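Remarks on the overall topology
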Amino acid sequence: SKFDLTGRMPIVVMYVTQGLTAVLIARLLTTDETWPLKPVWTISAFAIALGLTWSISQYETFSFVFSLQVPFVNFFVFSCYIALALALTNFGRQRVYWLVLACASDWLAVYSFGSGTFVFAPAIAMALWLRRTDRIFLTFLSFHTVLLVLYFSNYRFVQPPSNGPIGLSTYADFVVRFLGC
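We now turn to the structure provided with this report. The shown structure was predicted, so the numbers you read here are calculated from the model rather than taken from an experiment. (Residues numbered from 1 in each chain as written. Predicted model: local features only at pLDDT ≥ 70, side-chain atom pairs only at ≥ 80, totals over all residues. Heavy atoms only, no water.)

Looking only at helices and strands, the chain features 8 helices and 0 strands. In sequence order, the chain lays out its α and β elements as α-α-α-α-α-α-α-α. Out of the 181 residues belonging to the chain, those deemed buried represent 34%. Nonlocal contacts in the chain, meaning residues at least 24 apart in sequence, comprise 75% of its contacts between residues at least 6 apart. Accessible area of the chain: about 12500 Å², with a carbon and sulfur share of 70%. (Helix = DSSP H or I, 4+ residues; strand = E, 2+ residues; numbered from the N terminus. Buried < 20%, exposed > 50% of the residue type's maximum accessible area, 1.4 Å probe, protein only. Contact = heavy atoms within 4.5 Å. Areas by Shrake-Rupley, 256 points an atom, 1.4 Å probe, with all protein chains shown as cover.)

So, in structure tokens, the structure goes:
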């Protein structure tokens, strides 16, 4: 087996996920291109996006299984945006299928690392740009709002210290002690 507890599976999964993220970025960048230049622009956008996504890759970091979720966050968010854009611009039954995919990707983005909670503002901006704030979009926003409520329902906030507010001098003292000066 290729993945017999040697630590290669997280590395392969991360590079493949980043490659798929580059495909999604290229798809977002080249949707309005026409035939003669579309392949050139798509390949160029994919190469640039692949360079950007793989430039942050570090083999040592990827060998830690905890880091496996980091590329998934971007992948799920981009797939959510593409599915939402297709749900807003297509007609007929396809809209519902794309909406289901957008909601599933949104759920994975929110619960994979928590940064999917920031999907709200770009999704609203995209709907306004496309001028499609209809029932499909309101369904997506409702779903995302329910996800946020569920995500933060058991969130525990850190209590401030009971010995009063912390001032700038306390923070400065902490930094000096931490750096060992």
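Since the α-helix turns once every 3.6 residues, residues separated by three or four places project in the same direction. Compared with the 16 Å implied by 1.5 Å per residue over 12 residues, the 17 Å span of helix H8 (residues 168–179) between its first and last C-alpha is a close match. Counting buried positions over the 12 residues of H8 gives 0, only a small fraction of the element. Looking one or two residues beyond H8, the residue adopting positive phi is Gly 180, at roughly 80°. (Expected span 1.5 Å × (residues − 1).)

The grouping of Trp 107, Leu 108, Tyr 111, Phe 143, Val 146 and Leu 150 at the surface amounts to a nonpolar patch, some 540 Å² of accessible area in total. Residue placement: Trp 107 occurs in helix H5 (residues 94–113). (Patch = residues over 30% accessible without salt bridge, like charges linked within 9 Å, V, L, I, M, F, W, Y side chains within 5 Å. Salt bridge = Lys/Arg side-chain N within 4 Å of Asp/Glu carboxyl O.)

Let's shift gears to unusual backbone geometry. At Arg 131, a residue that is not glycine, the phi angle is positive and equals roughly 55°. Note that Arg 131 resides in the loop between helix H6 (120–130) and helix H7 (135–152). Classification of Arg 131 as exposed rests on a relative accessible area of 74%.

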